[in-house]
Amino acid sequence: MGALFSYTIAAGIILMTLYIVYKWLLSSLNQPRFNRVVLLLIYAISFIMPVLPRLTFLMWSGGGVNNGGIEIAGAHAQILTNYAGCFDWLKFALLVYALGMSVIFIRTIATAVGLYQLIKSGRKLYADNYTVVYIDRRDIAPFSWGRYIVMNDHEDAAGTTMIESHELAHIRACHFIDLIISQLACIVLWYNPAAWLLQTELKAVHEYEADESVILSGCDAREYQLFLVKKAVGQRFPSLANSLNHSKLKKRITMMYSKKTSAARKSRVLALVPAAALGLMLLNVPTVSEAMTAASTANMGISSISANKVTTNSIAEQIVSASEEIVVPEQMPEFEGGMEGLISFLRENVKYPQEAIDADVQGYVLVQFKVTKTGEVEDIAVKRSVHPSLDAEAIRVIKATSGKWTPGKVDGQNVSVQYSLPVSFKTK
């Protein structure tokens, strides 16, 4: 769960920057088909970029030091002392995230079930490649889902024609697939306003595209607009179906009268490139990167950490009992020769596993261990796993540093300190 939460932070930041640029430069242009492609591209960029190894930056404060394919980022240390009761905010955040995601998921399923039951209960008229479902419900606005068009059983002939023309545009363009994508994004990014705002923009683009199709089919624009005003009431399915009354009528009518956007103005889409770059830069802001790293190693459960065991459990699952707490030491543990000595030791001892080289596997392994009062290394664990071979090599070389550390101190006294060391493996 922690890894997912960290991933959504990265995806959400990129999504937010791209949404702002889209809203600023593209949303008001009369180019519904083009804007639809742009919106889907924004989803793709936002969710793919955080998982691309070669585009993922080292998310730790304190710049890394190049070491012939190995990098050492800023180390973090924590004292192990007595505890009187400490609230785990990270675990609480994960619980809130999981709860929110569960609620949105359940609501989505409930909406899907409601759609299915409504379609199942109606009178069906089969046509080429679609089915019209007539229901005796005046409180529900006409909508389409998949290959179904649902409308009131009491619509007059003119209304039925306009509804079919409008909803057929949604069906032919497969807009329901877009809505599924946007709803999945809302489920995993439920706490991010950009996810919901982008879904609203996508629905608006769908309606602009369908309205354009109705007008081009020969329907009188004024008559159609009056019909939309008439249908501006009624229950709609906000997440999964294209309802006739989804978007604000004023915007839709304004768009009908707007001139088509010139090809030159479409070049504004290029602004998404620096926006995506800005999103990646934001991921490297120390506060953001440290929050993401902490989230990626967090877990809602509690389990012990055994020595030399590769694990991805929570950083909150400390190498301490329930009666201990985490405090920043006055003097951090120091390897012989300081950080330069540690880098030198790693340069001489770390061997990039051939298996990882052949597979072109790279990334940073977050190793957590305890430096005891005597400078020994104990309880080594991998808190962020990259690949079994890289994890094992990181554990092996950290184990080899045992006895070469100056212990951490508080008030001049040696203390046991939990030490976190991100080691980045990069193929040459």
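Here the structure is shown first, and the text comes after it.
Keep in mind that what you see is a predicted model, and the values were worked out from it rather than measured.

Colleague: Describe a nonpolar patch on the surface, with residues and values.
Modeller: On the surface, a cluster of nonpolar side chains totalling about 360 Å² of accessible area is made up of Phe-105, Ile-106, Ile-109 and Val-113. Within the secondary structure layout, Ile-109 lies in helix α3 (residues 89-121). Accessibility expressed as a relative area gives 41% for Ile-109, which makes it partly exposed.

Colleague: Lay out the pattern of salt bridges in plain terms, naming residues and giving numbers.
Modeller: According to the stated counting rule, one finds eleven salt bridges in the structure shown. For the salt bridge of Arg-33 with Glu-209, the shortest nitrogen-to-oxygen distance reads 3.7 Å. One end of the pair, Arg-33, is in helix α2 (residues 32-48); the other, Glu-209, is in helix α6 (residues 193-216), with 176 residues separating them in the sequence. Owing to a relative accessible area of 44%, Arg-33 belongs among the partly exposed residues under this scheme. Under the relative-accessibility criterion, Glu-209 is labelled buried at 8%. A salt bridge links Arg-252 to Asp-211; the nearest nitrogen and oxygen atoms lie 2.8 Å apart. With Arg-252 in helix α8 (residues 249-257) and Asp-211 in helix α6, this residue pair connects regions lying 41 residues apart in the sequence. Side by side, Arg-252 and Asp-211 carry an identical accessibility label, which is buried.

Colleague: Explain empty space enclosed by the protein to me, and be specific about the residues and the numbers.
Modeller: Enumeration over the complete set of coordinates arrives at two cavities of 30 Å³ or more. For the second largest cavity, the full set of lining residues is Ser-144, Trp-145, Gly-146, His-170, Ile-171, His-175, Phe-176 and Asn-242. Those elements that place two or more of their residues in the lining of the second largest cavity are β6 (143-145), α4 (157-172) and α5 (175-188).

Colleague: So what's going on with the pairing of strand β4 (residues 123-127)? Which residues, and what values?
Modeller: With five bridges joining them, β4 and strand β5 (residues 130-135) adopt antiparallel strand pairing. Bridge pairing in β5 links Ala-127 to Tyr-130. In sequence, β4 turns back onto β5 through a hairpin of two residues, with Asn-129 there showing a positive phi of about 70°.

Colleague: Hey, could you go over the nonpolar core for me, with residue numbers and the actual values?
Modeller: As a rule of thumb, nonpolar side chains are buried together in soluble globular proteins. Residues Leu-15 and Ile-42 are the most contacted members of the largest nonpolar core, which totals 40 residues. Put simply, the parts of the chain that give this core at least two residues each are α1 (2-25), α2, α3, α5, α6 and α9 (272-283). Tallying contributions element by element places α1 first for this core, with twelve residues. Beyond its immediate chain neighbours, meaning those up to four positions away, Leu-15 contacts Ile-42, Tyr-43, Ser-46, Leu-189, Ala-194, Ala-195 and Leu-198. Core analysis: the next-biggest nonpolar cluster, separate from the first, contains 25 residues, Val-365, Ile-395, Ile-398 and Phe-425 among them.

Cut-offs applied
- Residues numbered from 1 in each chain as written.
- Predicted model: local features only at pLDDT ≥ 70, side-chain atom pairs only at ≥ 80, totals over all residues.
- Heavy atoms only, no water.
- Patch = residues over 30% accessible without salt bridge, like charges linked within 9 Å, V, L, I, M, F, W, Y side chains within 5 Å.
- Areas by Shrake-Rupley, 256 points an atom, 1.4 Å probe, with all protein chains shown as cover.
- Salt bridge = Lys/Arg side-chain N within 4 Å of Asp/Glu carboxyl O.
- Helix = DSSP H or I, 4+ residues; strand = E, 2+ residues; numbered from the N terminus.
- Buried < 20%, exposed > 50% of the residue type's maximum accessible area, 1.4 Å probe, protein only.
- 1 Å grid on protein atoms, 1.4 Å probe; cavity = no way out; pocket = protein on both sides within 12 Å on 5 of 7 lines; lining within 4 Å.
- Points joined across faces, edges and corners; volume = space filled by probe spheres on them.
- Pairing = 2+ DSSP bridges.
- Core = buried A, V, L, I, M, F, W, Y, C linked by side-chain atoms within 4.5 Å.
- Contact = heavy atoms within 4.5 Å.

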